[in-house]
Amino acid sequence: MSYLKEVRRKKHLTQKDAAAQLGFSRSRFAQIEGDFITPSYSFLLAVKKKFGKSVDMNKFFE
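What counts and how
- Residues numbered from 1 in each chain as written.
- Predicted model: local features only at pLDDT ≥ 70, side-chain atom pairs only at ≥ 80, totals over all residues.
- Heavy atoms only, no water.
- Helix = DSSP H or I, 4+ residues; strand = E, 2+ residues; numbered from the N terminus.
- Polar contact = N/O pair within 3.5 Å; in protein donor to acceptor, adjacent residues only side chain to side chain.
- Salt bridge = Lys/Arg side-chain N within 4 Å of Asp/Glu carboxyl O.
- Buried < 20%, exposed > 50% of the residue type's maximum accessible area, 1.4 Å probe, protein only.
- Phe/Tyr/Trp six-rings, centres within 6.5 Å; stacked < 30°, edge-to-face > 60°.

Chemist: Before we go on, may I ask you to explain the environment of Thr14 in this structure?
Modeler: In this structure, Thr14 sits in the loop between helix H1 (2–10) and helix H2 (15–22). Between the C-alpha atom of Thr14 and that of Glu33, which follows or precedes it by 19 residues, the distance is 12 Å. At a separation of 3.0 Å, a polar atom in the side chain of Thr14 contacts the main-chain amide nitrogen of Asp17.

Shown next as structure tokens:
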């Protein structure tokens, strides 16, 4: 999930910091970012709530 990595880097966050801000573990965040697992609805909702308009949710499904 390279888009998630791109968003995280634009915000100057580590995986640990981004995961903490979203309320998920770093390992879960890394699995999603590495495209090992599909993000859950609750994860996508947390991303949208935290990062708002700066995130294009459609890019998660490309």
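Having seen the structure, we can now continue with the description.
Chemist: Help me out: how do you make sense of the pattern of salt bridges in this one?
Modeler: Scanning the model with the defined rule gives 2 salt bridges in all. Note that Glu6 is salt-bridged to Lys10, the shortest N-O span being 3.3 Å. Note that Glu6 and Lys10 are positioned in helix H1 at a spacing of 4 residues, about one turn of the helix. A relative accessible area of 37% places Glu6 in the partly exposed class. Across the salt bridge formed by Glu33 and Arg8, the nearest N and O atoms sit 2.7 Å from each other. Within this pair, whereas Glu33 is found in helix H3 (residues 26–33), its partner Arg8 is found in helix H1, the two being separated by 25 residues in sequence. One exposure class covers both Glu33 and Arg8, and it is buried.

Chemist: I'm lost on the packing of aromatic side chains in this one. Help?
Modeler: What describes a pair of aromatic rings is the distance from one ring centre to the other and the angle between the planes of the rings. In the structure shown here, the tally under the stated rule is 3 aromatic pairs. When the ring of Phe24 is compared with that of Phe43, the centres are 5.1 Å apart and the planes differ by 65°; the resulting orientation is edge-to-face. Taken together, the residues span a long stretch of sequence, with Phe24 in the loop between H2 and H3 and Phe43 in helix H4 (residues 41–51) at a distance of 19 residues. For Phe24, a relative accessible area of 23% translates into the label partly exposed. Between the aromatic rings of Phe29 and Phe43, the centroid separation amounts to 6.0 Å while the plane-to-plane angle is 55°, which identifies the pairing as tilted. In this pair, Phe29 is assigned in helix H3 and Phe43 in helix H4, connecting sequence segments 14 residues apart. By relative accessible area, Phe29 is classed as buried at 1%. Classification of Phe43 as buried rests on a relative accessible area of 0%. Taken together, the ring pairs in this structure connect Phe24, Phe29 and Phe43 into an aromatic cluster.

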